[in-house]
Amino acid sequence: QVQLVESGGGLVQAGGSLRLSCTASGSIFSSNTMGWYRQAPGKQRELVASITSAGITNYADSVKGRFTISRDNAKNMPYLQMNSLKPEDTANYYCNLRQFSVATMTFMNYWGKGTLVTVSS
C-alpha cells in the first residue's frame, strides 16, 4: 500500500503564491508518475500537473506559466509551486501516485486526502 499526505494549502490573496508538498510512504516503485489534481465545489476532479520519475512534466493549460511541478526522487516527494494565483484556482488539491503493479499487471492509482487552497479576490 501507499500513503500520501499533502501539506501547504491555505488562504492567499490573488496574485500570491503557495507551495504544496506531498509526503509519500509505503510500497513505492522507482518508476512512477506523481501528480497534483484539484477539485472545486460542483466540478469534476482535474489534472493540474504531473511529473514522471524521469522528470517529464505535463500541465493543464490553465496553469501553464504559473505553476511548476517538481519532485525529490530520493524522498518520493512531489511539490507544486503555485504563483500568480487566481480565484479560479480555489479548490481541494490532491496528490496522486500512479505506478505499475506486477502483482495485478495493472496501473495502480493512490490518492491523498487533499489540502484546501483558497484564493481571495
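Described in the following lines is the structure provided in the data block. Just so it is clear, the structure is predicted and the values come from calculations on it, not from any experiment.

## Some points on the state of the cysteines
Turning to step 1, where the next piece is worked out: Applying the stated criterion across every chain yields a total of one disulfide.
Turning to step 2, where the next piece is worked out: In this model C22 forms its disulfide with C95; the gap between the sulfur atoms is 2.1 Å. Looking along the S-S bond of the C22-C95 disulfide, the torsion reads about -90°, which is the left-handed sense. Remark: C95 occurs in strand 9 (residues 91-101) and C22 occurs in strand 3 (residues 18-26); sequence separation between them is 73 residues.

## A word on the sheet that holds strand 8 (residues 77-82)
Turning to step 1, where the next piece is worked out: Here we have four strands laid out as an open sheet, ordered 1-3-8-7, and antiparallel in their pairing. Two strands bound the open sheet, and with one partner strand each, they are strand 1 (2-7) and strand 7 (67-72). Strand-to-strand twist across the sheet, computed as the mean angle between neighbouring axes with direction ignored, equals 15°.
Turning to step 2, where the next piece is worked out: Alignment of strand 7 against strand 8, held across six bridges, turns out to be antiparallel.

## Considerations on the pattern of salt bridges
Turning to step 1, where the next piece is worked out: All chains considered together, the criterion is met by four salt bridges.
Turning to step 2, where the next piece is worked out: For E46, the salt bridge goes to R38, with nearest N and O atoms at 2.8 Å.
Turning to step 3, where the next piece is worked out: Exposure remark for R38: the relative accessible area of 7% places this residue in the buried category.
Turning to step 4, where the next piece is worked out: We note a salt bridge from D61 to K64, for which the minimum N-O separation is 3.1 Å.
Turning to step 5, where the next piece is worked out: Taking the relative accessible area as the measure of exposure, D61 reaches 65% and is therefore exposed.
Turning to step 6, where the next piece is worked out: A relative accessible area of 49% means that K64 is categorised as partly exposed.
Turning to step 7, where the next piece is worked out: A network of salt bridges, in which partner residues are shared, links R38, E46, R66 and D89.

## Side note on the nonpolar core
Turning to step 1, where the next piece is worked out: Residues L4, W36, V48, F67, L80, M82 and Y93 are the most contacted members of the largest nonpolar core, which totals 27 residues.
Turning to step 2, where the next piece is worked out: Residue assignment for this core shows that the elements contributing at least two residues are strand 1, strand 3, strand 4 (33-39), strand 5 (46-52), strand 7, strand 8, strand 9 and strand 11 (115-120).

## A word on the packing of aromatic side chains
Turning to step 1, where the next piece is worked out: Going through the model one piece at a time under the given rule, you end up with two aromatic pairs.
Turning to step 2, where the next piece is worked out: Taken together, a centroid distance of 4.9 Å and an interplanar angle of 70° make the contact between Y37 and W111 edge-to-face. Placement of Y37 in strand 4 and of W111 in strand 10 (residues 106-111) is noted, with a sequence separation of 74 residues between them.
Turning to step 3, where the next piece is worked out: Residue classification places Y37 among the partly exposed positions, given a relative accessible area of 22%.
Turning to step 4, where the next piece is worked out: Judged by centre distance (5.2 Å) and plane angle (70°), the ring pair of F100 and F107 falls under edge-to-face.
Turning to step 5, where the next piece is worked out: R45 extends its terminal NZ or CZ atom over the ring of W111, reaching a point 4.6 Å from the ring centre.
Turning to step 6, where the next piece is worked out: Its end group placed over the ring of F107, R98 keeps NZ or CZ at 4.1 Å from the ring centre.

What counts, and where the lines are drawn
- Residues numbered from 1 in each chain as written.
- Predicted model: local features only at pLDDT ≥ 70, side-chain atom pairs only at ≥ 80, totals over all residues.
- Heavy atoms only, no water.
- Disulfide = S-S within 2.5 Å.
- Helix = DSSP H or I, 4+ residues; strand = E, 2+ residues; numbered from the N terminus.
- Pairing = 2+ DSSP bridges.
- Axes fitted to C-alpha atoms, helices over the stretch in contact; angles between N-to-C directions.
- Salt bridge = Lys/Arg side-chain N within 4 Å of Asp/Glu carboxyl O.
- Buried < 20%, exposed > 50% of the residue type's maximum accessible area, 1.4 Å probe, protein only.
- Core = buried A, V, L, I, M, F, W, Y, C linked by side-chain atoms within 4.5 Å.
- Phe/Tyr/Trp six-rings, centres within 6.5 Å; stacked < 30°, edge-to-face > 60°.
- Lys NZ or Arg CZ within 6 Å of the ring centre and 35° of its normal.

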